[in-house]
Amino acid sequence: MALDSKIPQGPLADKWTKHKNTINLVNPANKRLIDVIVVGTGLAGGSAAATLAELGYNVKAFCFQDSPRRAHSIAAQGGINAAKNYQGDGDSTYRLFYDTVKGGDYRSREANVYRLAEVSANIIDQCVAQGVPFARDYGGLLDNRSFGGVLVSRTFYAKGQTGQQLLLGAYSSMNRQIGRGKIKMYNRHEMLDVVVVDGKARGIIARNLVTGEIERHSAHAVVLGTGGYGNVFFLSTNAMGSNVTAAWKAHKRGAYFANPCYTQIHPTCIPVSGDHQSKLTLMSESLRNDGRIWVPKHKKDVEAIRNKTLKPTDLKEEERDYYLERRYPAFGNLVPRDVASRAAKERCDAGFGVNATGEAVYLDFASAIQRYGKEQAHVKGLNEDDAALVKKLGQEVVKNKYGNLFQMYEKIVDENPYETPMMIYPAVHYTMGGIWVDYNLQTTVPGLYAIGEANFSDHGANRLGASALMQGLADGYFVLPYTIGDYLANDIRTGPISTETKEFDEAENKVKDAINQLVNNNGTKPVDYFHKKLGKIMWNKCGMARNEKDLKSAIKEISELRAEFYKDVRVPGEANEFNEELAKAGRVADFLELGELFAKDALQREESAGGHFRDEYQTEEGEAMRRKEFQYVSAWEYKGEPKNAVLHKEDLIYENIEVKERSYK
Amino acid sequence: MNLTLKIWRQKGANDKGKMVDYQITDVSPDMSFLEMLDVLNSELITKGDEPVAFDHDCREGICGMCSLYINGEAHGPDRGVTTCQLHMRKFKDGDTIYIEPFRAKAFPVIKDLVVDRSAFDRVQHAGGFVSVNTSGNTIDANAIPINKHDADTAFDAATCIGCGACVASCKNSSAMLFVSAKVSQFALLPQGQVEATDRVLNMVKQMDEEGFGNCTNTGACEVECPKGISLENIARMNREYLKASFKG
């Protein structure tokens, strides 16, 4: 099947408006006859479910957590971008578009990104109307901060809990529709297959996680807002339950999987403390607005710090290497995430890591505390030379901005970051790859849509900070509710979809067989044993830097681990009860397939771009080397084992942006 | 560290539960409480026993999914944290730790330490929203300036994570702190004014129907709340309720 991205004709700035004006609509009376399933209730799924219900469709929404409010969008900290230009610093739709394409290292689709930038301002209006309490300045207007990879302040925020506030906004809109009966909510349900009837997605098979019951649900269209697959690395900043299962089942039913190797390794996470570690904690990138990143200049100081005979605060300025400021003077500590992460890895690999494992760098707020303290002393007419007073005033400002993050750090690490620099190290955070979708967000299976992090479309090879929330809400509030109408307009006479068909029988039996195989396996090792092993392979061989030899061995090792998993995994308990190990086993089984495809994708991409860095393809200065012949989206078609997956290419055409060497110097 | 754990085990909603003893060795002080339970579960599975069921997801203190009543306190002995952020350094070698589910009539046990908190969702369905459709044509976000103090206070109320610690800590199993946080967020913002009367009446009605108890101003909820949601919210909700009752 040839990939058709269905990008509308015409000038870039007019495409979306023109498209909206020409696609089919479903009249309000007919919407009542149409059912839509939305899987996942994060920013994308939650906003889509609410909006579709407002429009009049009958929505069934599913989440594996005990409430839609728990979806992992809730953990996003720093903010959401929007081209409002409230600060008058030259921002515009075009600039947001440009920054996103450039930040993505010229591997995203122009038309999709432009639309994203175009609707970004509407998101802020909508959220404020819902009562989302964004940060405001003393004049009562909305405040902004700046984020990595851009030169304007366009990020709206609610302290370090922006994701929480936006998700609770979407959740409140869902609640209104649940109360009206327009959304039927299925909590603690996990989607385990998509049902395809006559080539169209017509329902799902879900497992009730409380009773273990396997359920059939039908609809005229199915929307997946099921997030990313960062947990293939075991350790990531994702929630414990975040998984690829829904997306992977869709892939097995015919949805192409795009760019699986594009993973974002976030530069500012709390370093790993030991083997017991179950997840990693992110510290918002917004900290890089005020924190300066450094390691000691000399190895002897590194040793002394590791032996705890030297405190980092005792090291003089000239003995420190602020390596981002040194290498990238124009953007300094605010370079994009992939650049910052690789630079940290480079220093740590060279032996300058500052903790016992050698995998940590400093994020230091001492200069910011000084700067803010002096400013406050000046404003208040106090003595600017009183060091203790300046420090106290400065710490108050920093506390106001980042208090919850500092508290979180102190609880985990047991050190006070107001007094000593934080230690950070990169960790897996976000996956730019995902299910391939066209301009309408439809997958290669008609009637099956993918939105938010679950799709691949907007971030190219690297996502800019504060753009995940923007994309999730853009897809759910403003894009999908329009584009899905074009498809559903053909279904107004279809009537209810029966679940008593051979397609539902087949899908249900397949799900039950897979579950029975797992619970009756009688192996010896818990699920986590395999998940941790997979994670190690992924991190060591498909992590921040990749090469042909490692990738080939990763493919082999993952395939062997998969065989071992089915031979030796032990899943206690029964199929028909609350059984978290069983749920985990199913998710890890899918990660074991995805992981191999991931490595295969990274192997074929013989270039470096954004989050995908191949040792063989770097410039003399160690920067990513893009190659023109790889200016395409790799979309994989399922053919049984991951090794048999077939590659389809969607060429990326840049008509409105000049493809340049990405430089942040 | 070596510890003795006394954990509530209950097969299903209709089964009788009991406390069961477990020994755990070599616990690192850097582990989180839930990582300690992961280790226990991994040992239980390897031995062929059933692991302990508990709710958890983000493990960074924001999703509100984790719970646990640890040594008689919701989310354990530390302040301002959820169970997933509680670290074992808060305990001593040789300690005995009691681990129970959040207990309240409105939160029935599903299995072991997992409880059903969907009553909270239903209270939100009754009025925890501003009725605005998604259109892209709402007024500009800066059209209505909002006093910074009000915006910040609304934000503080809105940081509730819906974990249920307030209910578990309350001797009356009251949900007033949870409900008042949502009512306050909207009461403090101009966007929430139009529906203020119906909102507070409907949410309180639903809260009562779910079987939560009354508030007797003991304040345990505020102490145990991992997000520091203030009792002032309850006072504000009482004022809103009184105002609405006269109007309504």
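What counts and what doesn't
Residues numbered from 1 in each chain as written. Chains lettered and ligands numbered in written order. Predicted model: local features only at pLDDT ≥ 70, side-chain atom pairs only at ≥ 80, totals over all residues. Helix = DSSP H or I, 4+ residues; strand = E, 2+ residues; numbered from the N terminus. Rg over C-alpha atoms; globule rule 2.2 N^0.38 Å. Buried ≥ 20, exposed ≤ 12 C-beta atoms within 10 Å, placed from the backbone. Contact = placed C-beta atoms within 7 Å. Nonpolar A, V, L, I, M, F, W, Y, C, P; charged D, E, K, R; others polar. Core = buried A, V, L, I, M, F, W, Y, C linked by C-beta atoms within 7 Å. Pairing = 2+ DSSP bridges. Axes fitted to C-alpha atoms, helices over the stretch in contact; angles between N-to-C directions. Domains from an automatic or database assignment. pLDDT = per-residue confidence, 0-100. Parallel < 35°, antiparallel > 145°, perpendicular 65-115°, else oblique. Left-handed = near helix turned anticlockwise from the far one by under 90°. Expected span 1.5 Å × (residues − 1). Arc of directions from axis to C-beta.

Draft legend 1. Main features of the overall build of chain A. Along its length, chain A carries 17 helices and 19 strands. By the compact-globule yardstick of 26 Å for 665 residues, chain A fits well, its C-alpha radius of gyration being 25 Å. By its C-alpha atoms, chain A is 80 × 60 × 50 Å across when sized along the principal axes. Within chain A, the proportion of its 665 residues that are buried is 60%. A separation threshold of at least 6 residues defines the contact pool for chain A, and within that pool the share at least 24 residues apart is 73%.

Draft legend 2. Local environment of the overall build of chain B. The secondary structure content of chain B amounts to eight helices and seven strands. The C-alpha extent of chain B, read off along each of the three principal axes, is 60 × 35 × 35 Å. Among the 248 residues that make up chain B, the fraction classed as buried is 52%. Long-range pairs, those at least 24 residues apart, make up 70% of the contacts in chain B between residues at least 6 apart in sequence.

Draft legend 3. Molecular detail of the interface of chain A and chain B. Facing 65 residues of chain A, the contacting portion of chain B comprises 66 residues. Of all the secondary-structure elements, those providing two or more residues to the side of chain A that touches chain B are α3 (43-55), α5 (110-130), α6 (162-179), α12 (387-413), α13 (468-488) and α17 (580-604) of chain A. Broken down by element, the side of chain A that touches chain B gets its largest block of residues, nine residues, from α6(A). For the side of chain A that touches chain B, the per-class residue count stands at 23 nonpolar, 26 polar and 16 charged.

Draft legend 4. Focus on the nonpolar core. Ranked by internal contacts, the top residues of the largest apolar core, which has 288 residues, are Val223(A), Leu224(A), Ile435(A) and Val167(B). Those residues within four positions of Ile435(A) in sequence are excluded, and the remaining contacts are Leu224(A), Ala247(A), Ala250(A), His251(A), Ala255(A), Phe257(A), Ala258(A), Thr443(A), Ala450(A), Ala454(A), Asn455(A) and Phe456(A).

Draft legend 5. Looking closely at the environment of Ala170(A). Along the chain, Ala170(A) falls in helix α6. Among residues more than four places away in sequence, those in contact with Ala170(A) are Leu43(A), Gly46(A), Ser47(A) and Ala50(A).

Draft legend 6. Representation of the environment of Gln193(B) in the model. Secondary-structure assignment places Gln193(B) in the loop between α5 (176-187) and α6 (196-209). As for Gln193(B) and Val130(B), which are separated by 63 residues in sequence, their C-alpha atoms are 9.1 Å apart.

Draft legend 7. Just the sheet that holds strand β1 (residues 35-39) of chain A, in detail. All names here are of chain A. The strand order β5-β2-β1-β9-β17 describes an open sheet built from five strands, whose pairing is parallel. Looking along the sheet, the strands with just one partner apiece sit at the ends: β5 (183-186) and β17 (448-450). This sheet shows a mean twist of 20 degrees between the axes of neighbouring strands, independent of strand direction. When strand β2 (residues 58-62) meets β5, the two strands line up parallel, connected through four bridges. Each bridged residue has a counterpart across the sheet, and for Phe-62 the counterpart in β5 is Tyr-186.

Draft legend 8. View of the domain arrangement of chain A. All names here are of chain A. By domain assignment, chain A separates into domain 1 (268-428) and domain 2 (501-630). Distance from the C-alpha centre of domain 1 to the C-alpha centre of domain 2: 34 Å. Across the boundary between the two partners, domain 1 contributes six residues, which contact five residues of domain 2. Take the side of domain 1 that touches domain 2: its biggest share by element is five residues, from helix α10 (residues 337-352). Looking at the side of domain 1 that touches domain 2 residue by residue, the classes come out as one nonpolar, one polar and four charged.

Draft legend 9. Highlighting the sheet that holds strand β15 (residues 422-431) of chain A. Residue and element names in this part refer to chain A. Reading across the sheet, the five strands line up as β11-β15-β14-β12-β13 and stay open at both edges, with antiparallel pairing between neighbours. Lying at the two open borders of the sheet, with one neighbouring strand each, are β11 (263-269) and β13 (320-321). In this structure, strand β12 (residues 292-296) lies alongside strand β14 (residues 361-364), joined through three bridges in antiparallel fashion. Bridge assignment links Ile-293 to a residue of β14, and that residue is Leu-363.

Draft legend 10. Here's a closer look at helix α4 (residues 93-103) of chain A. Residue and element names in this part refer to chain A. When we look at burial in α4, the residues that qualify are Leu-96, Phe-97, Asp-99, Thr-100, Val-101, Lys-102 and Gly-103. Residues of α4 that are buried sit in contact with β3 (80-81) and α5. Looking one or two residues past α4, Asp-105 carries a phi angle of roughly 60 degrees, positive in sign.

Draft legend 11. Inspection of the confidence of the model for chain B at higher detail. In the predicted model, chain B carries a mean pLDDT of 97, and the fraction of residues at 70 or more is 100%. Scored by ipTM, the complex comes to 0.98, with pTM at 0.96.

Draft legend 12. Structural view of the packing of α6(B) against helix α8 (residues 232-247) of chain B. All names here are of chain B. Taken N-terminus to C-terminus, the directions of α6 and α8 make an angle of 110 degrees; their axes are 9 Å apart at the nearest point. Considered as vectors, α6 and α8 are oriented roughly perpendicular to each other. Residues Ala-196, Thr-197, Val-200, Leu-201 and Val-204 of α6 pack against Met-237, Glu-240, Tyr-241, Ala-244 and Lys-247 of α8. Broken down by class, the residue content of the contact of α6 with α8 amounts to seven nonpolar, one polar and two charged.

Draft legend 13. Main features of the packing of α3(A) against α6(A). All names here are of chain A. Two elements in contact, α3 and α6, have axes whose closest approach is 8 Å; the angle formed by their N-to-C orientations is 30 degrees. Compared by their axis directions, α3 and α6 come out roughly parallel. For the pair α3 and α6, the crossing hand works out as left-handed. For the pair α3 and α6, contact is made by Leu-43, Gly-46, Ser-47, Ala-49, Ala-50, Ala-53 and Glu-54 and by Leu-166, Leu-167, Ala-170, Tyr-171, Ser-173, Met-174 and Gln-177, respectively. Residue composition of the contact of α3 with α6, by class: nine nonpolar, four polar and one charged.

Draft legend 14. Local environment of the domain arrangement of chain B. Residues and elements named next belong to chain B. Per the domain assignment, the segments of chain B are domain 1 (3-110) and domain 2 (117-247). Taken over C-alpha atoms, the centre of domain 1 sits 29 Å from the centre of domain 2. Listed per partner, the contact involves 18 residues of domain 1 and 17 residues of domain 2. Residue classes in the side of domain 1 that touches domain 2 are distributed as nine nonpolar, six polar and three charged.

Draft legend 15. Structural view of unusual backbone geometry. All names here are of chain A. Although it is not a glycine, Arg-188 sits at a positive phi angle of roughly 50 degrees. If you trace the backbone, Arg-188 turns up in the loop between β5 and β6 (189-197). The residue Phe-234 is not glycine, and still its phi comes out positive at about 60 degrees. If you trace the backbone, Phe-234 turns up in the loop between β9 (221-224) and α7 (245-252). Among the residues examined, Phe-234 registers 24 C-beta atoms within 10 Å and is labelled buried.

Draft legend 16. Structural context of α6(B). Residue and element names in this part refer to chain B. Relative to the 20 Å expected for 14 residues at 1.5 Å per residue, α6 spans 20 Å between its end C-alpha atoms, a close match to the ideal helical length. Within α6 the residues assigned to the buried category are Arg-199, Val-200, Met-203, Val-204, Gln-206 and Met-207. When α6 is viewed along its axis, its buried side chains cluster within an angular range of 160 degrees and face the same direction. Where α6 is buried, its residues contact α2 (118-125), α5 and α8. Residue Gly-211 follows α6 closely and has a positive phi angle near 95 degrees.

Draft legend 17. How the structure looks around the pairing of strand β8 (residues 214-218) of chain A. Residues and elements named next belong to chain A. Two elements, strand β7 (residues 200-208) and β8, share five bridges in a ladder whose sense is antiparallel. Bridge pairing in β8 links Ala-206 to Glu-215. Joining the antiparallel neighbours β7 and β8 is a turn of five residues, in which Gly-212 adopts a positive phi near 80 degrees.

Draft legend 18. Spotlight on the environment of Asn30(A). Topologically, Asn30(A) is positioned in helix α2 (residues 28-31). Spatially, the C-alpha atom of Asn30(A) lies 61 Å from that of Glu620(A), the residues being 590 residues apart in sequence.

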